[in-house]
Amino acid sequence: MKGFFYFYLIECLDAIILKHFITLLFFALWQVISGQSHDLEVSLIRPVNGFASGVQFTFETGFTNNGPDTIPAGDTVFFQATFNGQPLLDMGQPITYRYIFNQTLGAGQTVSTSRQITLIGGSFGQVNVCAKITEHRGVAAGNE
């Protein structure tokens, strides 16, 4: 009886592993067949000359599709402003902004978005301001 149980358990585990392998194989195949490929880049447009603490400034970013395929309208990108390499915080949590592409972005095209930000406290003097993409959702990103 012990031998039968062991054999049955091994057969069940093999079936589960095979099922997951087949699922992963079909997912990988779907990614290849869908053919969507893009390289999304974020760049800082403003501020270029720094800013003063306590004064409102414009934080403007550009999103460039380096191709080769288009990014469809409705795709969403989440991004953060970083100051001296650290994300902008509110109550100790990183602030993440969202941009929804309102039109198709072809290879080589750029779209920009801006927001008004006022920093209270923090560093004085030269501050290195950047933007970074934290997530991309939608058809071009391979998810819905």
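Since this is a predicted model, take the numbers as computed values, not measurements. (Residues numbered from 1 in each chain as written. Predicted model: local features only at pLDDT ≥ 70, side-chain atom pairs only at ≥ 80, totals over all residues. Heavy atoms only, no water.)

Engineer: I'd like to hear about the pattern of salt bridges, residue by residue, with values.
Structural biologist: For the structure shown, the criterion picks out two salt bridges. Arg 46 is the partner of Glu 60 in a salt bridge, and the nearest nitrogen-oxygen pair spans 2.9 Å. Taken together, the residues Glu 60 in strand 2 (residues 56–65) and Arg 46 in strand 1 (residues 40–46) connect sequence positions 14 residues apart. Glu 135 is paired through a salt bridge with Arg 137; the nearest N and O atoms lie 2.6 Å apart. Under the relative-accessibility criterion, Arg 137 is labelled partly exposed at 40%. (Salt bridge = Lys/Arg side-chain N within 4 Å of Asp/Glu carboxyl O. Helix = DSSP H or I, 4+ residues; strand = E, 2+ residues; numbered from the N terminus. Buried < 20%, exposed > 50% of the residue type's maximum accessible area, 1.4 Å probe, protein only.)

Engineer: Account for the environment of Ser 112, with residues named and values stated.
Structural biologist: Locating Ser 112 in the fold gives a position in strand 8 (residues 110–118). Spatially, the C-alpha atom of Ser 112 lies 9.4 Å from that of Tyr 99, the residues being 13 residues apart in sequence. Apart from residues lying up to four places away in sequence, Ser 112 is in contact with Ile 45, Glu 60, Thr 61 and Gly 62. Within the structure, the side chain of Ser 112 is placed 3.4 Å from the side chain of Glu 60, a separation counted as a polar contact. (Contact = heavy atoms within 4.5 Å. Polar contact = N/O pair within 3.5 Å; in protein donor to acceptor, adjacent residues only side chain to side chain.)

Engineer: So what's going on with the side chain of His 136? Which residues, and what values?
Structural biologist: Residue placement: His 136 occurs in strand 9 (residues 129–137). For His 136, the side chain forms a polar contact with the side chain of Asp 75, separated by 3.0 Å.

Engineer: How would you summarise the pairing of strand 2 if you had to cite specific residues and measurements?
Structural biologist: The element strand 2 is largely enclosed, with a buried count of nine among its 10 residues. The pairing of strand 1 with strand 2 spans six bridges and is classified as antiparallel. Each residue of the ladder has a partner; that of Val 42, found in strand 2, is Phe 63. Sheet topology places strand 2 next to strand 8; nine bridges connect them, and they run antiparallel. Bridging from a neighbouring strand, Gln 56 pairs with Thr 118 of strand 8. (Pairing = 2+ DSSP bridges.)

Engineer: So what's going on with the side chain of Thr 82? Residues and values would help.
Structural biologist: Structurally, Thr 82 can be placed in strand 3 (residues 76–83). Those residues in contact with Thr 82 that lie beyond four places of it in its chain are Pro 87, Asn 128, Val 129, Cys 130, Ala 131 and Lys 132.

Engineer: Outline the confidence of the model for the protein chain, supporting the account with residue identities and numerical values.
Structural biologist: Overall, the predicted model of the protein chain reaches an average pLDDT of 75, with 62% of residues at or above 70. Taking the mean pLDDT of every element in the protein chain, the minimum, 49, falls on helix 1 (residues 2–34) and the maximum, 92, on strand 7 (residues 97–100). Every residue in residues 24–35 scores below 50 in pLDDT, and together they form three contacts with partners more than four places removed in sequence or on other chains. (pLDDT = per-residue confidence, 0-100.)

Engineer: Lay out the pairing of strand 7 in plain terms, naming residues and giving numbers.
Structural biologist: Burial along strand 7 is one-sided: the face carrying Tyr 97 and Tyr 99 is buried and the face carrying Arg 98 and Ile 100 is not. Both strand 3 and strand 7 contribute to a ladder of four bridges, which runs antiparallel. Residue pairing across strands places Phe 78 opposite Arg 98, the latter belonging to strand 7.

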